[in-house]
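The primary structure of each chain is shown beneath.
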Amino acid sequence: MQLSRRSLTRASRIAVCAARSGTCPSLAQHPRQSWARSPARHRSVRLMSASSQSDAASVQSRRARAAFAKLATTNLDQRNACLSELENILRARESQILAANAKDVRNAEQAGEPTGRLDLTGKMESLCSGLQTVRAMEDPLGSVSIARELSDGLKLFRVSTPLGVLLIIFEARPDAAVQIFSLAVKTGNAVILKGGKEATETLTVLEEAMREALAAAGLPEDSVQLAIGREAANALLQPGLCDLIIPRGSNELVRQIQANTTTPVMGHADGICHVYVDPTADFEMARRVIVDSKTQYPQACNAMETLLVNKSVADKVLPMIAEALPDSTLKCCSSSLEILRSSGVGSRASEAQESDYRTEWGDLTFCIRVVEDLEQAIDHIRAFGSSHTDSILTSDTVSADRFTSAVDSAGAYVNASTRFADGFRYGFGAEVGISTGKMHARGPVGLEGLLSYKYQVYGNGHTVGGECPTVLNHKEIEKVSSASDIRAVLDPGARAELPAARRILVKVGSGVVTRSEGGGVALARLATLVEQLAHLVQSGREVVLVSSGGVAAGKRVIADPNPHHINKFASSSSLPIPSVPIQQLDPRVTPREEDQAEVKRWASATGQSKLMALYDHLFGVYDTNVAQLLISIPDLQFAHSRKATCRTIEGLMSQGIIPIVNENDAICTDRTDGDGSIDPNELPITDNDSIAAAIAVELKCDLVVLLSEVDGVYADPQNPVPMSVLTTADLEDGGIVFGAKSGAGRGGMESKVLASRYMMKNGVKSVIANGILTRTTRTILDVVQGKNVGTLFV
């Protein structure tokens, strides 16, 4: 029988283990479908000698490290494609996966073991949803957390990186394997999975799906591997085989692993969670939270195991809770036991031993203790807790603050169920576990917990001592958030010329000038815009403003075109100036139908005057004059009229006046292809973006700034970090994806990119940047200073 490449890869992997133990069968006798889930495969691992186990672990580690070396340098698209492919495979093979899982469940039932976590019934959709959530997250790799100039020409960047090879030891919970895999792939880590033996059949099928998803995305299949059997996992504890071990289980398991390895261990230990009822707590709220904390999923590590109640409210709270949890077994201190028995609800209660307070029950059993005050509750949590999650129920802010600061746990909650301690509920998409330690990661461990970082330092022959010792200045570098930004800082290229730009055109879109959905002018943004443009003029630069927003501003006036509703003055008494009464006429009986284009012209005619009045007033504050130019599209499609228009603009700028240009939407003109001086295929003049491009090229502007509602052009909408520079080659690759247009205007990112492409071809630099300005944001001035803001087209 001829094996496929992927089958041969898996077969070879198993054969290495079997051959070393002298039990390697012929591959030809074991086609994929027969040996993939064969018990013999598992026996071959268990029968291996200690030395053979050690050798097999070394081989597995080498393959994982080789996979990691490739995975760590892949792009986000590939890693996301793998998660998409896995989702498709899980959906297509749901029946096969559930059939394997049913075998595990039956075996566990026959052995008298619990199956709540093992059973995948009803969980497949949530697995797929988790993959979607992780896929939608930003790229965690290459994120810059520190950008600092140490000295002139010497720059330091702290950049996020993967950890390496992870060994995750987890319970018989096969859905955890998918969650862990998704986080490992997203963060560029290779992972070796050691699940509970009860889930072996299910994990084997899931591993096949994961490896196929990796291969389909062009990623190394050995980025995920299974370790089957305790001996295989123990062999991987040898120094240097893995970079991080995450055991999910009891404190005993974590301590055992820590004692037998020098590899860093991130402990996911017992979940002994407490809820404390303060005297000021709302009792009904307390009942809901306590019931949820204990019964929503009793087997979970974030379920409540001990209830602490202030003595002043114990006689009211304890009977209420006992009645709310009729199926629970109660382990009580002497005081709580007396209260429950005197209330007639103590039949399920027994006296607690000290060891009970250190027990993670995993069922409906929990401990109860009456405490003197908040401080005794905190002392109890410190003595018996596992540093997982603890909650206080109170209406007193002083008590809440004291609790959250004094309880030394990964989660300190106020008036909330401990069951919220979960990576999915925290918005992490998934988790590899919950760390109760204090180093590196704490609480639910999501993407960030699987990352490290490196310091990248770039110099130019800098030395600490010697003939020319470096003088440190330590200045923070702004606008650096990703690895791509680093290159822009190190090699500013065309941005280095921007501070010398003399003739600058700024175009603002309707989404910048007006509030959401065209609901009037955004005055604060407009004021910040005006301040920056006035600054440019006063610094000796020539500025032309192409401003959208007239139509959107006029929409508030032309709110309802139906003349039946236009009846502003019911009588002469409502007029601002006393007048002679005249006959009041009713609206026209038969209104004519108005199309949207005509209503838009009404809004433009009304809004342009209002918007211009605002500009005139705001620029006047800075002693800067403005002039309005309403341009029809044919004015730019013919060379003669375009040149005449631009001569007018140049003349105004020479006088220190800022020309404010907008398309004259109040009139209707016949569309034409013009005289061919501007190729309509290269630049269809249809909106203010293209108007700005045509004017900028004619004026030979040094710089054009197109202000939008986003930070720049994104290579991946799921990872909203703007590309620092776009070249002609980048645009020809076709990798730019356009999002939705603004609700306030006609343009969108596509029209801005087309306009920038045209300007790029004609030698005009342009930057697409975020124009949603605040009092502290100076986007235009940052661009002119050459800072790494927005996307530069060169």
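So, here's what we can say about the structure. (Residues numbered from 1 in each chain as written. Predicted model: local features only at pLDDT ≥ 70, side-chain atom pairs only at ≥ 80, totals over all residues. Heavy atoms only, no water.)

### A short note on the overall build of the chain
Then, in step 1: Counting its regular elements, the chain contains 27 helices and 25 strands.
Then, in step 2: Taking all 794 residues of the chain together, 52% fall into the buried category.
Then, in step 3: With the model as given, the accessible surface of the chain reaches about 35,600 Å², and the carbon-plus-sulfur share is 50%. (Helix = DSSP H or I, 4+ residues; strand = E, 2+ residues; numbered from the N terminus. Buried < 20%, exposed > 50% of the residue type's maximum accessible area, 1.4 Å probe, protein only. Areas by Shrake-Rupley, 256 points an atom, 1.4 Å probe, with all protein chains shown as cover.)

### Some points on the environment of Leu307
Then, in step 1: Inspection of the secondary structure puts Leu307 in strand S8 (residues 304–310).
Then, in step 2: On the basis of relative accessibility, which here comes to 0%, the residue Leu307 falls in the buried class.
Then, in step 3: Every residue in contact with Leu307, bar those within four places of it in the chain, is listed here: Val275, Val277, Ile290, Leu318, Ile321, Phe366, Cys367, Ile368 and Arg369. (Contact = heavy atoms within 4.5 Å.)

### Looking at the pairing of strand S18 (residues 503–508)
Then, in step 1: Taken across its 6 residues, S18 has 6 buried, putting it largely inside the fold.
Then, in step 2: Residues Arg503, Leu505 and Lys507 line one face of S18 and the alternating positions Ile504, Val506 and Val508 line the opposite face, and both faces are buried.
Then, in step 3: One ladder, built from 5 bridges, connects S18 with strand S22 (residues 703–708); its direction is parallel. Across the sheet, Val506 pairs through a bridge with Val705, a residue of S22. (Pairing = 2+ DSSP bridges.)

### With respect to the pattern of salt bridges
Charged atoms that come close allow side chains of opposite charge to pair.
Then, in step 1: One pass over the structure, following the stated rule, counts 32 salt bridges.
Then, in step 2: The closest approach of N and O atoms between Asp175 and Arg173, which form a salt bridge, is 3.3 Å.
Then, in step 3: Between Glu305 and Lys294 there is a salt bridge, with the nearest N and O atoms lying 3.0 Å from each other. You can see Glu305 sitting in strand S8 and its partner Lys294 sitting in helix H12 (residues 283–295), a full 11 residues away along the chain.
Then, in step 4: Here Glu305 falls in the buried class, since its relative accessible area comes to 1%.
Then, in step 5: Linked by salt bridges that have partners in common, Arg63, Arg211, Glu221 and Asp222 make up one network. (Salt bridge = Lys/Arg side-chain N within 4 Å of Asp/Glu carboxyl O.)

### Side note on the sheet that holds strand S5 (residues 224–226)
Then, in step 1: The strand order across the open sheet built from 4 strands is S5-S4-S3-S6, with neighbouring strands paired in parallel fashion. Sheet topology places S5 and strand S6 (244–247) at the edges, where each strand pairs with a single neighbour. On average, adjacent strands in this sheet sit at an angle of 20° to one another, irrespective of strand direction.
Then, in step 2: As judged from the 5 bridges shared by strand S3 (residues 165–169) and strand S4 (residues 190–194), these two strands associate in the parallel manner. Pairing of Ile168 across the sheet is with Leu193, part of S4.
Then, in step 3: Strands S3, S4 and S5 of the sheet are contacted by helix H8 (residues 174–187), whose axis makes an angle of about 165° with S4.
Then, in step 4: Sheet contacts for helix H9 (residues 200–216): S4 and S5; angle to S5, the most-contacted strand, approximately 160°. (Axes fitted to C-alpha atoms, helices over the stretch in contact; angles between N-to-C directions.)

### Remarks on the sheet that holds strand S12 (residues 389–393)
Then, in step 1: Sheet architecture is open: 7 strands sit in the order S10-S9-S11-S8-S7-S12-S13, paired in parallel fashion. Of all strands in the sheet, those with a lone pairing partner are strand S10 (349–351) and strand S13 (411–414), marking the two edges. Ignoring strand direction, the axes of neighbouring strands in this sheet form an average angle of 20°.
Then, in step 2: Of the strand pairs in this sheet, strand S9 (residues 329–332) and strand S11 (residues 365–371) are connected by 4 bridges, and their pairing is parallel. In the sheet register, Lys331 faces S11, and the bridge partner there is Cys367.
Then, in step 3: The strands touched by H12 are strand S7 (273–277), S8, S11 and S12; relative to S8, the strand with the most contacts, the crossing angle is about 160°.
Then, in step 4: Packing against the sheet, helix H13 (residues 314–324) makes contact with S7, S8, S9 and S11, and its axis sits at approximately 150° to S8.

### With respect to the side chain of Ser54
Then, in step 1: Mapped onto the elements, Ser54 comes out in helix H4 (residues 50–71).
Then, in step 2: A distance of 2.9 Å separates polar atoms of two side chains, one belonging to Ser54 and the other to Gln238. (Polar contact = N/O pair within 3.5 Å; in protein donor to acceptor, adjacent residues only side chain to side chain.)

### Topic: the state of the cysteines
Then, in step 1: Evaluation of the coordinates by the stated rule reveals 0 disulfides.
Then, in step 2: Here Cys333 stays free of any disulfide, with the sulfur of Cys332 as its closest cysteine sulfur at 6.9 Å.
Then, in step 3: Cys646 carries a free sulfur, and the closest cysteine sulfur to it, the one in Cys701, is 8.4 Å from it.
Then, in step 4: For Cys646, a relative accessible area of 3% gives the class buried. (Disulfide = S-S within 2.5 Å.)

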